[in-house]
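Observations on the model geometry
Chain by chain, the residues:
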Amino acid sequence: MALASRYPDVEIPDVSVPEFVLAAGREKPDAPALIDGLKGDVITHGQLAAYVDRVAAALHARGLRKGDVVAMFCPNTPWYPVVFHGIAAAGCVMSPINSLYTPDEIAFQLRDSGAKILITVSPFLDRALAAVAESPVGEVVVMDGAEGHASLVDLLSTDAPSVQVDIDPATDLVTLPYSSGTTGLPKGVMLTHRNLVANVSQSRPLVELHEGDERIIAVLPFFH
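A quick note: this is a predicted structure, and the numbers were derived from the prediction, not measured. (Residues numbered from 1 in each chain as written. Predicted model: local features only at pLDDT ≥ 70, side-chain atom pairs only at ≥ 80, totals over all residues. Heavy atoms only, no water.)

**Focus on the overall build of the protein chain**
Assigned secondary structure in the protein chain consists of seven helices and eight strands. Radius of gyration (C-alpha) of the protein chain: 18 Å, near the 17 Å computed for a compact globule of 224 residues. In terms of its C-alpha atoms, the protein chain occupies a principal-axis envelope of roughly 55 × 45 × 35 Å. In the protein chain, which comprises 224 residues, the share counted as buried stands at 42%. Long-range pairs, those at least 24 residues apart, make up 63% of the contacts in the protein chain with a sequence separation of at least 6. Accessible surface, the protein chain: about 12600 Å² in total, of which carbon and sulfur atoms supply 55%. The centroid of the 15 positive side-chain charges in the protein chain is displaced by 2 Å from the centroid of its 27 negative side-chain charges. (Helix = DSSP H or I, 4+ residues; strand = E, 2+ residues; numbered from the N terminus. Rg over C-alpha atoms; globule rule 2.2 N^0.38 Å. Buried < 20%, exposed > 50% of the residue type's maximum accessible area, 1.4 Å probe, protein only. Contact = heavy atoms within 4.5 Å. Areas by Shrake-Rupley, 256 points an atom, 1.4 Å probe, with all protein chains shown as cover. Lys, Arg positive; Asp, Glu negative; His and termini not counted. Charge placed at Lys NZ, Arg CZ, Asp CG, Glu CD.)

Written as structure tokens, this is what we have:
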């Protein structure tokens, strides 16, 4: 017996992840895109698009190019998606690192992924620097600031020109998360732009059940 969904077939747009996600806010630039549930801080759709553009430009100005890996070692924060999409818009690959990792585990992922830059936060800096001492990267960016390191404010305030990267959604990677390593060492999971766009497209009917009031609580770790 065949079972059919009550929803129409999923159409997967042939676009990059940032292009797909940011398109939803072009008609409502002043509406909230990200809200810090604890602090109440808001990033609007217009701000999100501008911030993503600046992060991508800053990474490009640092010499990163399409396919380069940028690792991110950070807990949940509204700025996490900003950096994620900025990395993606630069054509780079974001490799999220488990917030509970030890320096040795971080170093393994940095080395195995070939990360060029590590983006972290000051509470994680001790572990991050210990890992980088074992597996060097070109730069460590500390989002909330630390002496001797560029911050997220530095990335967002760059005057570097905007970048336009030719991305093939079907073949170009957007993220490289690592498995838990249950049966051996963790392994990088290669996810393309199309993989994530398809995943979001599959979820749209659930969000649109409450048309006009699309709000989703994000409780899982973003690195996951």
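**Considering the environment of Val69**
With respect to the helices and strands, Val69 occurs in strand β3 (residues 69-73). Taking relative accessible area as the criterion, Val69 reaches 7% and is therefore assigned buried. Each C-alpha atom of the pair Val69 and Pro186 lies 17 Å from the other, and the pair is 117 residues apart in sequence. Not counting the four nearest positions on each side in its chain, Val69 is found in contact with Val93, Ser95, Ser113, Gly114, Ala115, Lys116 and Ile117.

**Examining the packing of helix α2 (residues 45-61) against helix α3 (residues 79-89)**
Contact pair α2 / α3: the axes reach a minimum separation of 7 Å and the direction vectors enclose 55 degrees. It follows from the interaxial angle that α2 and α3 lie oblique. The two elements α2 and α3 meet at a crossing, and its hand is right-handed. Only Trp79, Val82, Val83, His85, Gly86, Ile87 and Ala89 of α3 make contact with α2, whose side of the interface consists of Leu48, Tyr51, Val52, Val55, Ala56 and Leu59. Classifying every residue of the contact of α2 with α3 gives eleven nonpolar, two polar and no charged. (Axes fitted to C-alpha atoms, helices over the stretch in contact; angles between N-to-C directions. Parallel < 35°, antiparallel > 145°, perpendicular 65-115°, else oblique. Left-handed = near helix turned anticlockwise from the far one by under 90°. Nonpolar A, V, L, I, M, F, W, Y, C, P; charged D, E, K, R; others polar.)

**Some words on helix α7 (residues 193-207)**
With 15 residues, α7 ought to run about 21 Å at 1.5 Å a step, and its terminal C-alpha atoms sit 21 Å apart, in line with that. Every buried residue of α7 is listed here: His193, Val197, Ala198, Ser201 and Val207. Contacts from the buried residues of α7 go to α1 (17-23), α3, β7 (173-175) and β8 (191-192). (Expected span 1.5 Å × (residues − 1).)

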